[in-house]
Amino acid sequence: MKKLYVILVATFVALLIINISWIIINLFYWSSSGIQEVISSSKLFDDIYYSSYFKWIVWADVSWWILFLVFAKQRRNFKSDLSHYLNHNPLSSKKICVTMHAYNEEEVIEKTVQDFVKQEYVEKVIVIDNHSDDKTVEKAKNAGAHVITKTSNKGYAHSWHMGLKEALKTDAEIIVITDGDGTYNGYDISKMIPYLENCDMVVGTRMAQVLCEKANQNDTFLVWGNKFLGLLFQLKYFNSRHLGVTQLTDVGCSYRCIRRESLEKIICDFTKNDTDEFVTGIDDVTITIFTTQSAIENDLRVIEIPITFKERKGISKSGVTQKNKAFRYGLQIIKFILFY
Ligand SMILES: Nc1nc2c(ncn2[C@@H]2O[C@H](COP(=O)(O)OP(=O)(O)OP(=O)(O)O)[C@@H](O)[C@H]2O)c(=O)[nH]1
Ligand SMILES: [Mg+2]
């Protein structure tokens, strides 16, 4: 079934390029041979009718749709048993442990920690410091965080995994994942938690314009790119009735919360058997989508909700606002969605 999905995506891209190229070439041909020929419908339709390429393109397009219908039929009951429908499972306790990643965030870490510490039900904020060489650790401690330091920078994904493992050592029933860069608001926790009574993981989306500060880092490329990646991911878990068990618009959003027992089900998926080595496919760029995918693969309920998103202060570590880097990250995520 996965093979068919990859074939569908690959052929869709190929056909899109072929169709658009055909239109552009013909528009060029028609415009160079005079507007009169375009308006004179008999010539226009003659050109289309006698074009051998056009017929093949139509055949290819029709075949793609047939393939898609086969796929849709195969997926009619995909993840459609009761475990993927409504369930109300109240939380036994609302104790929250927040895990926050930081690397040289001295400008914003204090305020960010304070913001999360003061939220209702938050019992502990753990800052995973990625071997910062500024005052991040000191400031995070002053703000009330429990800080875990590393002896070297082992990357974002390493901090993410470490934070989850540390959070499981507490008695929290809810684990919140966030970044220490001040772009997320602590008060959004209170919007996510209610959904945890029906779901296992609640993921934020930073795509709602009215919830974003004007100077936020989402530009046109990031927004369109993220929506495209979300669609690709949705198609991977497509079923014909609900168009997929999950609808995502922001595959890279790190701000999320998860029930303890749900995290316990997926935490082993991150590493190879009895080692600290990550499984293939995980890196700093794919760790967020890996976590979402792992939850879905384990038949957990995942929902995305709009959250607020602030301007990035301090120095961006990922460099996602640079087009070439954002493009490279996008390709990495496409590869992950298609092949892992
Ligand atoms: N990119 C990156 N971030 C890290 C690392 N270690 C910890 N972090 C922290 O994890 C968070 C990563 O957030 P990202 O959104 O990916 O990167 P960023 O630096 O915020 O850059 P923007 O994408 O511009 O927001 C930030 O709070 C970083 O300080 C690391 O090795 N790389
Ligand atoms: Mg950020």
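Computed from a predicted model, the values in this text were never measured in an experiment. Position labels on residues start from 1 in each chain and follow its written sequence. By the order in which they are written, chains take letters starting at A while ligands take numbers starting at 1. Local features are withheld for residues below a pLDDT of 70 in this predicted model, meaning they are given only at 70 or higher, and side-chain atom pairs are given and counted only at 80 or more; totals for whole chains, interfaces and linings count all residues.

1. Quick look at the domain arrangement of the protein chain
Part 1 of the reasoning: Each domain span listed reflects an automatic or database assignment of domains. Taken domain by domain, the protein chain comprises domain 1 (2-74) and domain 2 (96-339).
Part 2 of the reasoning: Once you take the C-alpha centre of each, domain 1 and domain 2 turn out to be 41 Å apart.
Part 3 of the reasoning: Across the contact, 4 residues belong to domain 1 and 5 residues belong to domain 2.
Part 4 of the reasoning: A per-element tally of the side of domain 1 that touches domain 2 places helix H1 (residues 2-32) first, with 3 residues.
Part 5 of the reasoning: Side-chain classes are defined by residue name, with Ala, Val, Leu, Ile, Met, Phe, Trp, Tyr, Cys and Pro counting as nonpolar, Asp, Glu, Lys and Arg as charged, and the others, Gly among them, as polar. Residue composition of the side of domain 1 that touches domain 2, by class: 4 nonpolar, no polar and no charged. The contact criterion used is a C-beta to C-beta distance within 7 Å, with each C-beta placed from the backbone. Secondary structure elements are defined from DSSP: runs of H or I of at least 4 residues count as helices, runs of E of at least 2 residues count as strands, and each element is numbered from the N terminus.

2. Focus: the pairing of strand S1 (residues 96-102)
Part 1 of the reasoning: With C-beta atoms placed from the backbone, a residue is buried if 20 or more other C-beta atoms are within 10 Å of its own, exposed if 12 or fewer are, and partly exposed between those counts. Most of S1 sits out of view: 7 of its 7 residues are buried.
Part 2 of the reasoning: Burial of S1 is two-sided: the residues Ile96, Val98, Met100 and Ala102 facing one way and the residues Cys97, Thr99 and His101 facing the other way are all buried.
Part 3 of the reasoning: Pairing between S1 and strand S2 (residues 122-129): 7 bridges, direction parallel. Looking at S2, one finds that Thr99 is bridged to Ile126.
Part 4 of the reasoning: For the segment spanning S1, helix H5 (residues 109-117) and S2, crossover handedness is right-handed.
Part 5 of the reasoning: One ladder, built from 6 bridges, connects S1 with strand S4 (residues 174-179); its direction is parallel. Considered in S4, the bridge of Cys97 is made with Ile175. Paired strands are those between which DSSP finds at least two bridges. When the strands point away from the viewer, a crossover counts as right-handed if the path from the first strand over the helix to the second runs clockwise.

3. Observations regarding the environment of Gln332
Part 1 of the reasoning: Here Gln332 shows up in helix H12 (residues 323-339).
Part 2 of the reasoning: Separated by 28 residues in sequence, Gln332 and Glu304 place their C-alpha atoms 22 Å apart.
Part 3 of the reasoning: With sequence-adjacent residues up to four places away left out, Gln332 is seen in contact with Val285 and Thr286.

4. Re the site of ligand 1
Part 1 of the reasoning: As a rule, any residue with its backbone-derived C-beta atom within 6 Å of a molecule or strand is reported as near that molecule or strand. Taken together, 21 residues surround ligand 1, and among them His101, Tyr103, Asn130, Ser316 and Lys317 come closest.
Part 2 of the reasoning: Going through the elements one at a time, S1 and helix H7 (156-168) are the ones with two or more residues in the shell around ligand 1.
Part 3 of the reasoning: When its residues are assigned to classes, the shell around ligand 1 shows 4 nonpolar, 11 polar and 6 charged.

5. Quick look at the nonpolar core
Part 1 of the reasoning: Put simply, a nonpolar core is a cluster of buried Ala, Val, Leu, Ile, Met, Phe, Trp, Tyr and Cys residues tied together by C-beta atoms within 7 Å. Counting 66 residues, the largest nonpolar core has Val98, Val125, Ile126, Val127, Ile175 and Cys257 as its most contacted members.
Part 2 of the reasoning: Those residues in contact with Cys257 that sit more than four places away from it in its chain are Ile174, Ile175, Val176, Ile189, Met192, Ile193, Leu196 and Val202.

6. Concerning the sheet that holds strand S6 (residues 256-259)
Hydrogen bonds between backbone groups are what pair the strands of a sheet, and the pairing can be parallel or antiparallel.
Part 1 of the reasoning: As summarised here, the arrangement of the 7 strands in space is S3-S2-S1-S4-S6-S5-S7, forming an open sheet in which the pairing is mixed. Since the sheet does not close on itself, it has two edges, and those belong to strand S3 (146-149) and strand S7 (302-306), each with one partner. Along the sheet, successive strands turn relative to each other by an average axial angle of 20 degrees, direction set aside.
Part 2 of the reasoning: Lying on the sheet, H5 is in contact with S1, S2 and S4; it crosses S2 at an angle near 155 degrees.
Part 3 of the reasoning: Here an axis means a line fitted to C-alpha atoms, over the contact stretch when the element is a helix, while the angle between two N-to-C directions is reported on a 0 to 180 degree scale. In the packing of H7 onto the sheet, contacts are made with S1, S2, S3 and S4, and the angle to S1 comes to roughly 160 degrees.

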